[in-house]
Amino acid sequence: MSSAFSAAKIIQPLNFAATIRSIDRPLFDSLKSIPTTPFLGSIHKLRHPSDPNSCSQHRRSGSIVAGVSDVVQEKKHKSASPDSNLLITKQEGLELYEDLILGRSFEDMCAQMYYRGKMFGFVHLYNGQEAVSTGFIKLLRNEDCVVSTYRDHVHALSKGVPARAVMSELFGKTTGCCRGQGGSMHMFSKEHNLLGGFAFIGEGIPVAIGAAFTVKYKREVLNESCDQVTVAFFGDGTCNNGQFFECLNMASLWKLPIVFVVENNLWAIGMSHLRATSVPEIWKKGPAFGMPGVHVDGMDVLKVREVAKEAIARARRGEGPTLVECETYRFRGHSLADPDELRDPAEKGHYAARDPITALKKYLRENNLANEAELKAIEKQIDDIVEDAVEFADQSPFPTRQQLLENVFADPKGFGIGPDGRYRCEDPKFTEGTAAV
Ligand SMILES: Cc1ncc(C[n+]2csc(CCOP(=O)(O)OP(=O)(O)O)c2C)c(N)n1
Ligand SMILES: [Mg+2]
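As the structure is a prediction and not an experimental result, all values here were calculated from the model.

**Student:** Explanation requested: the overall build of the chain in the structure shown.
**Tutor:** The helix and strand inventory of the chain stands at 16 helices and eight strands. Expressed as a percentage of the 437 residues in the chain, the buried residues total 42%.

If you want it as structure tokens, here you go:
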């Protein structure tokens, strides 16, 4: 196992031979031997599930993890050559900064537009979690696939979907990446291999498995040369959903080229992860299915990137899946309809002090990778892009009524379109009697 994985917390798949030999030992002894650790940056301390107080104890650790990654510090100090002592080049650093700023500014603008009545339905923002999207997706190629959740705007942007297309989709306009038919929770782009946001939690994971299986099938059965990787993002709450476990099993069984990225923001709407989960250290569930599990500080883009590099390379080499748990935090309520009054202000303050953007900025400045003027120029450029996206979306047309049933059924004939070729919904009799059903 190389450096980044060993720098993060990792346990390898069980050695089955050893397990069989020790079968007469109580199984729970081996469970107890897996160390229980506090979450990296959390103010919560974990305890072993056998501890009766384990779920309800929320203790303050008091220490705030430094904004700059330990991995970065570690590598820097270990490095022999003064020229190679940084994890990123100037160009990479600026690209990461640009992507983080784009995600944050775009979401802040979404909030404004939502409250001005420009968007409909639920809108879930990604503020605070940007280091995960940027850390992973900026390492991918266009042909690699990303599968998202309902918190999907920033994944789409990192994958290269233009801000205009994402904003227009949010406005429900024809110029949106789904022609206005998807909205906030269903960003999709065939061109960018963004295989969708999903309103139902866990729905994206089997889709990601399918994409990864396609690559394996092409490579091993059709003898095509392809090495695309799929990255599936989902939340901590989703990991208590059956599809998560089924998909880990299949991915490991078939050694699929996939990375499962858990964005553990410690909350599933108003339910604390620690209160809802018997073994809250999600990364430990990887080895149970025969794949590595890694726990990384999701507020540190450089640390996420180091782990991502390794997990993606592993998948590309055909060595199978990895489960990565990124410990992160959302800076806003669950959705824009959530007043966010449940979470402890101390917890919010703790994570606000670990803002991934501030941390990267500090790193770039301290290592002379960027000066203030360069960073300001990026911020200005992003402001312009986001402003332009809003203007573009605002001026774009709404879909016509004709579009209503397009792309809803594989063959709309018999569903939305009647034998006369006209949309049935335009026939006043189409819905007649349905109220009684
Ligand atoms: C199958 C399904 N069950 C329930 C819900 C309702 N629901 C919406 S968001 C959510 C919590 C998800 O939490 P998490 O996976 O941690 O994602 P986060 O919102 O924190 O990003 C739930 C249960 C849903 N969308 N889909
Ligand atoms: Mg969550």
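**Student:** Which parts of the structure should I look at to understand the site of ligand 1?
**Tutor:** Within the structure, ligand 1 sits among 14 residues, and Phe200, Gly235, Gly237, Thr238 and Ala268 are positioned closest to it. Secondary-structure elements contributing two or more residues to the shell around ligand 1 are β3 (230–235) and β5 (267–268). Partitioned by chemical class, the residues of the shell around ligand 1 number seven nonpolar, five polar and two charged.

**Student:** Any chance you could explain the nonpolar core here in plain terms?
**Tutor:** The nonpolar side chains of a soluble globular protein tend to be buried, and buried together. Ranked by size, the top nonpolar core spans 92 residues in total, and within it Val166, Ala232, Ile258, Val259, Val261 and Val324 carry the most contacts. Considering every element that reaches this core, the biggest residue donor is helix α5 (residues 90–115), with nine residues. For valine 166, the contacting residues outside a window of four places in its chain are His153, Ala156, Leu157, Val161, Cys177 and Met187.

**Student:** For this particular structure, what's the right way to read the packing of α5 against helix α16 (residues 372–395)?
**Tutor:** When two helices pack together, their arrangement is given by the angle between the helix axes and the distance between those axes. Their axes nearest at 9 Å, the elements α5 and α16 cross at an angle of 40°. When the interaxial angle is binned, α5 and α16 end up oblique. For the element pair α5 and α16, the recorded crossing hand is right-handed. Residues Leu94, Tyr97, Glu98, Ile101, Leu102, Ser105, Phe106, Met109 and Met113 of α5 pack against Glu374, Leu375, Ile378, Glu379, Ile382, Asp383, Ile385, Val386 and Val390 of α16. A breakdown of the residues in the contact of α5 with α16 according to their chemical character gives 13 nonpolar, one polar and four charged.

**Student:** Help me understand the pairing of β3, please; the structure alone is not making it clear to me.
**Tutor:** Across a regular strand the side chains alternate sides, sitting on one face of the sheet and then on the other. Among the six residues in β3, six count as buried, and that is most of the element. Burial of β3 is two-sided: the residues Thr230, Ala232 and Phe234 facing one way and the residues Val231, Phe233 and Gly235 facing the other way are all buried. Where strand β2 (residues 145–147) lies against β3, three bridges are found, and the strand directions are parallel. Along β3, the bridge assignment pairs cysteine 145 with threonine 230.

**Student:** I'm lost on helix α15 (residues 356–366) in this one. Help?
**Tutor:** Since there are 3.6 residues in each turn of an α-helix, residues three or four apart along the chain are aligned in direction. Buried within α15 are the following residues: Pro356, Ile357, Ala359, Leu360, Tyr363 and Leu364. An end-on view of α15 places all buried positions within 165° of arc, on one side of the element. Taken from the residues just after α15, asparagine 368 is the one with a positive phi, measuring 55°.

**Student:** Just to check I follow, could you spell out the packing of helix α9 (residues 204–220) against helix α10 (residues 242–253) for this structure?
**Tutor:** Relative to each other, α9 and α10 sit at 15°, their axes nearing to 9 Å. Taken together, the axis directions place α9 and α10 in an arrangement best described as roughly parallel. Classified by chirality, the crossing of α10 by α9 is left-handed. Facing α9, whose interface residues are Ile205, Pro206, Ile209 and Ala212, α10 presents Gln243, Phe244, Cys247, Met250 and Ala251.

**Student:** Looking at this structure, I do not really get the confidence of the model for the chain. What am I missing?
**Tutor:** Any segment with low pLDDT has predicted coordinates that should not be analysed in fine detail. Looking at the chain as a whole, its pLDDT mean stands at 84, while 76% of the residues score no less than 70. The low-confidence segment residues 48–83, where pLDDT is below 50, has 52 contacts with residues more than four positions distant or belonging to other chains.

**Student:** Please clarify how the environment of alanine 359 should be interpreted in this entry.
**Tutor:** With respect to the helices, strands and loops of the structure, alanine 359 is situated in helix α15. Spatially, the C-alpha atom of alanine 359 lies 8.5 Å from that of valine 301, the residues being 58 residues apart in sequence.

**Student:** For this particular structure, what's the right way to read unusual backbone geometry?
**Tutor:** At leucine 266, a position not held by glycine, the phi torsion is positive, near 70°. As for its placement among the helices and strands, leucine 266 is situated in the loop between β4 (258–264) and β5. We classify leucine 266 as buried; it has 23 C-beta atoms within 10 Å. The backbone of aspartate 340 sits at a positive phi, close to 55°, despite the residue not being glycine. By secondary structure assignment, the location of aspartate 340 is in the loop between β8 (322–327) and α14 (345–352). A tally of 14 C-beta atoms within 10 Å means that aspartate 340 is categorised as partly exposed.

**Student:** Would you mind going over the environment of glycine 135 with me for this structure?
**Tutor:** Relative to the assigned elements, glycine 135 resides in helix α6 (residues 130–137). On the basis of neighbour counts, which here come to 29 C-beta atoms within 10 Å, the residue glycine 135 falls in the buried class. Note: C-alpha distance between glycine 135 and leucine 96 (39 residues apart in sequence) is 7.7 Å. Contacts of glycine 135, omitting those with residues within four sequence positions, involve Val301, Val304, Arg305 and Ala308.

So, how was this worked out
Residues numbered from 1 in each chain as written. Chains lettered and ligands numbered in written order. Predicted model: local features only at pLDDT ≥ 70, side-chain atom pairs only at ≥ 80, totals over all residues. Helix = DSSP H or I, 4+ residues; strand = E, 2+ residues; numbered from the N terminus. Buried ≥ 20, exposed ≤ 12 C-beta atoms within 10 Å, placed from the backbone. Near = placed C-beta within 6 Å. Nonpolar A, V, L, I, M, F, W, Y, C, P; charged D, E, K, R; others polar. Core = buried A, V, L, I, M, F, W, Y, C linked by C-beta atoms within 7 Å. Contact = placed C-beta atoms within 7 Å. Axes fitted to C-alpha atoms, helices over the stretch in contact; angles between N-to-C directions. Parallel < 35°, antiparallel > 145°, perpendicular 65-115°, else oblique. Left-handed = near helix turned anticlockwise from the far one by under 90°. Pairing = 2+ DSSP bridges. Arc of directions from axis to C-beta. pLDDT = per-residue confidence, 0-100.

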